[in-house]
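So the chains spell out like this:
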Amino acid sequence: MLIRIAAFVFASLTIVAVGTAIAGAYYLWQLNEELPEYDQLSNYQPPVTTRVHAGDGSLIAEYARERRLFVPITSIPDAVKAAFLSAEDKNFYSHPGIDVQGVLRASIENVSNYMNGRRLEGASTITQQVAKNFLLTSEVTLNRKLKEALIALKIEQTFSKDEILELYLNEIYLGFASYGVAAAALNYFEKSLDQLTLGEIAYLAALPKAPNNYHPVRRKEQAIARRNWVLDRMAENGYISAEQVETASAEELIVFPRAYGAQVVEAEYFAEEVRREVFEIYGEDKLYDGGLSIRTTLDTSLQNIAHRALRKGLVAYDRRHGWRGPVARISADEDWLEQLKALRTPGDIDPWRPAVVLALREDAALVGLKDGESGRIPMEEMEWARPWLKDEKVGGEVRKPSDVVKKGDVVYVEALESEGAEPADGEPLFALRQMPAVNGGLIALDPHTGRILAMAGGFSFQESEFNRTSQADRQTGSAFKPFVYAAALDRGFTPSSLVLDAPFVMDQGPGLDLWKPENYSLEFYGPSTLRLGVEKSRNVMTVRLAQNIGMEPIVELARRFGINDDMPLQLSMALGAGETTLQKLTAAYAMLVNGGRRITPTLIDRIQDRRGKTIFKHDNRPCDECNARSWRDQEEPEIPDIREEVIDSGTAYQVVSMLEGVVQRGTGGSIRAVGKPLAGKTGTTNEERDAWFVGFSPDLAVGVYVGFDNPRKMGRAETGGRVAAPIFRDFMKEAIGEQPAIPFRIPPGIRLVRVNAKTGLLAQPGDYPVILEAFKPGTEPGGPQPVIGASDSNGGNGALGSGTGGLY
């Protein structure tokens, strides 16, 4: 009986064991069938940060969903690898993917942890973490844990240990929006991996378990304790000495969190234009995950100058038109500081800061700032703040601080630099500031290549991302006139040709008023040279010239220069009634000074993928010899000029010469203060709604536009010469003021002849003023010249393009 019972028990146990084994095997087989394809790791391309660099290599922006910089294992310092192995998996190079000793040790520890209510320890190897991070979810279940182990075993059979470690160190999340050790080194310490100290390396290795638990600011003590624990493990595993542990443990934990997005505040408009362009070319995934390296055309020095010059000009206009009131109003009681801190104001208008008026005196307003600092705005710094009135007019003079501000007003202030002694009462002094209601843009580019060197799209990017250099289509006013005159010069006119400046009336058709264009001065000047028409920006003679040659060649020239592809055949277009952007018009001016060659404005020089392969470049000129691997005294390669000719180089120079006269004798006279050869043209639209100045030196083209985003009058006499030209002047003074004076380049065939500036005839003894005029061969003035527009009431014979005029 006992034997039979024993046999029965044994058979039952055998059956149960076999059944359990079969069930277990089936369960494992089923798990194995459900495993994701791990061989995808061999083609691993993690989301990597796209970085945007200026022309000098400085970082100006980063774009990413996950801030990661991929670094091959061969470029990761040994100390970094040792720290992570010590903290996460000291037996990594000896186990097959699962650390049995680690599992047993964690199991024993977890009994004590469970009984004492502490967090249970894991025993995942680095290989298992790779399996989980790449192929599985983070759910805490036995099913997921077994899958993790199975995948880890397979990964170990497929990849080398170094390859697995490379995947791990580039994928792991380490806080501060950092994925991978290289990104963490930059985001925490602003260093590359090879610049980190031992203490900084140990801190990064302390983060994988739970970055937020070891935050370097909010939980600094825990962070230092965990860092020191990593250092002890490194010494225990033989990677560092006790002396190194002691030195590294004594290091202060100091982090320098890096900003995300645009890294140069002054270049935010430029960086956003680059982002949009790359998005359009390569799409969202490539931009934010592709790890592109984008080398742009930005000149950081010129960008800073552009930023300052535009702001200075906008503020100068704004102050002429009075004080519009406070930014906001709050209570100036005891809790004013909390209220002020709660207000959202742009963070890119340094050195301006928001402040609240706490009290008023006869000679000053007392203010408090967000950092708790207090000071006063003296009366003399508020005298400009006369009340704003409709149509950009101003009210009466400011006699006391209460005429401008009240207690509780939130205003912008700027600290005044002390000139010698501190104020007697020790209070810091501030100047009253106001965000301009008007806005504008400035763009600078290389006229020979089209490379955009600087772009300031507005006063504050955080206040408005609308880019006035590339997105604002506005009427150009007289800034378009040079292309009307260029069309005439291409058809046989010379800068000395005469056009009648006299009243002009046109019947626009049934039910429409007569069109009567006027000069800005409301006067007429009789027969005048083409040069004088440009220099003094004469409207009536420009219309008469356009009527004579016809609008077709003018419209065609506007299309060829990229100003407007669909300009109507209307005479008003000759006065700049058509719309375009500042970028397009500046590029058109650049094509005049470069000798009439087509350029395409560009923000990007080159784009490389994550492995350094060039996938885009702006300069597509052929040059096989440029790819030589070494220098062997061969001849320097000659790169062909493949730019299309937009206009005859002689015509282009004649226009340049006339635009130089605008600066020397005309509406751009304020620019003479730069003291260098400069040329350009003012532009003002009806009722002073838009103000322009576009011009150039021989090697730098610059455009400035100012106007309200919702067009309205800027005020009487707020012309391109008064509003935009000073911005151009200030930019050029800083940009080229210290450079040698370079004259404009004269193309072959052009003759410079002394002529009477008023009549355009060859200069005679005693003539004044006399200038050097540019003529194409055989076009120099001889005897009396015909006056375009002298033969009928409107200065033409009634047929477009065929007027001859009388003699003068």
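Residues numbered from 1 in each chain as written. Predicted model: local features only at pLDDT ≥ 70, side-chain atom pairs only at ≥ 80, totals over all residues. Heavy atoms only, no water.

**Concerning helix α8 (residues 198-205)**
What counts, and what does not: A 1.4 Å probe rolled over the protein chains alone gives each residue an accessible area, and that area as a share of the maximum for its type sets the label: buried under 20%, exposed over 50%, partly exposed in between. Strands here mean DSSP runs of E at least two residues long; helices mean DSSP runs of H or I at least four residues long; both are numbered from the N terminus.
In terms of burial, α8 is a largely internal element, 8 of the 8 residues being buried. Regarding α8, the residues found buried are L198, G199, E200, I201, A202, Y203, L204 and A205.

**Examining the packing of aromatic side chains**
To keep things clear, this is the line we draw: For this analysis, a ring pair means two rings from Phe, Tyr or Trp (six-membered ring only for Trp) whose centres lie within 6.5 Å, classed as stacked if their planes differ by under 30 degrees, edge-to-face if by over 60, and tilted for the remaining angles. Two limits define a charge over a ring: the Lys NZ or Arg CZ must be within 6 Å of the ring centre, and within 35 degrees of the ring normal.
Within the structure shown, the criterion is met by 19 aromatic pairs. Here Y188 and F189 contribute two aromatic rings whose centre-to-centre distance is 6.2 Å and whose plane-to-plane angle is 40°, an arrangement assigned as tilted. Considered together, Y188 and F189 belong to a single accessibility category, that of buried residues. Here the aromatic rings of W352 and F459 are separated by 5.4 Å at their centres, their planes lie at 45°, and the arrangement is tilted. A residue pair is termed long-range when its members are at least 10 positions apart, and W352 in strand β7 (residues 352-360) and F459 in the loop between β15 (452-456) and β16 (474-475) qualify at 107 residues. One exposure class covers both W352 and F459, and it is buried. Feature note: the residues F480, F483, F561, Y589, F696 and F744 constitute an aromatic cluster, connected by ring pairs. Above the face of the F708 ring, R712 is positioned so that its terminal group lies 3.7 Å from the ring centre.

**Considering a negative patch on the surface**
This is how the line gets drawn: Within this analysis, patches are made of residues with over 30% relative accessible area and no salt bridge. Like charges are joined at 9 Å or less; nonpolar side chains (Val, Leu, Ile, Met, Phe, Trp, Tyr) at 5 Å or less. All accessible areas in this document rest on Shrake-Rupley with a 1.4 Å probe, and a residue is counted as covered only by the protein chains that are shown. For this document, the term salt bridge refers to a Lys or Arg side-chain nitrogen within 4 Å of an Asp or Glu carboxyl oxygen. When charges are counted, Lys and Arg are positive and Asp and Glu negative, with His and the chain ends excluded. The location of each charge is read from NZ of Lys, CZ of Arg, CG of Asp or CD of Glu.
A contiguous patch of negative charge, built from D333, E334, D335 and E338, is present on the exposed surface. Examined against the element boundaries, D335 turns out to sit in the loop between β6 (328-329) and α13 (336-342).

**Focus on the packing of helix α18 (residues 582-593) against helix α19 (residues 649-665)**
To keep things clear, this is the line we draw: Axis geometry follows a simple rule: fit a line to the C-alpha atoms, using only the stretch in contact for helices, then measure angles between N-to-C directions, giving values from 0 to 180 degrees. Throughout this description, any angle smaller than 35 degrees is read as roughly parallel, any larger than 145 degrees as roughly antiparallel, any in the 65 to 115 degree range as roughly perpendicular, and the remainder as oblique. Throughout, a contact is declared for two residues whenever any of their heavy atoms are within 4.5 Å. For this classification, the nonpolar set comprises Ala, Val, Leu, Ile, Met, Phe, Trp, Tyr, Cys and Pro, the charged set comprises Asp, Glu, Lys and Arg, and every other residue, Gly included, is treated as polar.
Where α18 contacts α19, the two axes come as close as 8 Å, and the packing angle between them is 110°. Looking at the two axes, α18 sits roughly perpendicular to α19. Residues Y589, L592 and V593 of α18 lie in contact with α19, whose contacting residues are A652, V655, V656 and L659. Class assignment of the residues belonging to the contact of α18 with α19 gives a composition of 7 nonpolar, no polar and no charged.

**A closer look at unusual backbone geometry**
The omega torsion across D350 and P351 is 10°, close enough to zero to call that bond cis. Not every positive phi belongs to a glycine, and E190 is a case in point at roughly 55°. Mapped onto the fold, E190 is located in the loop between α7 (181-189) and α8. Despite not being glycine, A717 has its phi angle at roughly 75°, a positive value. Relative to the helices and strands, A717 is located in the loop between β24 (700-707) and α20 (720-736).

**Thoughts on the confidence of the model for the chain**
Under the convention used in this document: Every residue is assigned a pLDDT by the predictor, reflecting its confidence on a scale from 0 to 100.
Per-residue pLDDT for the chain averages 88, and the proportion of residues at 70 or more is 87%. Ignoring residues within four places in sequence, the model shows residues 795-808, a span with pLDDT below 50, making 45 contacts including any to other chains.

**Remarks on the sheet that holds strand β21 (residues 614-617)**
The line we're drawing: For two strands to pair, DSSP has to find at least two bridges joining them.
Strand order across the open sheet formed by 5 strands is β2-β1-β5-β20-β21, with mixed pairing between neighbours. Both edges of this open sheet fall to β2 (59-63) and β21, since each of them pairs with a single strand only. Ignoring which end each strand starts from, the neighbouring axes of this sheet average 15° apart. Of the strand pairs in this sheet, strand β1 (residues 50-53) and strand β5 (residues 293-296) are connected by 3 bridges, and their pairing is parallel. The partner of R51 across the bridge, within β5, is S293.

**A closer look at the state of the cysteines**
Stated precisely, the cut-off is as follows: Any two cysteine sulfur atoms lying within 2.5 Å of each other are counted as a disulfide.
If you walk through the whole model with that rule in mind, you get 1 disulfide. For C623, the disulfide goes to C626, at an S-S distance of 1.9 Å. Handedness here is read from the sign of the S-S torsion; for C623 and C626, about 80°, the answer is right-handed. In this structure C626 comes out as partly exposed when scored by relative accessible area, which is 40%.

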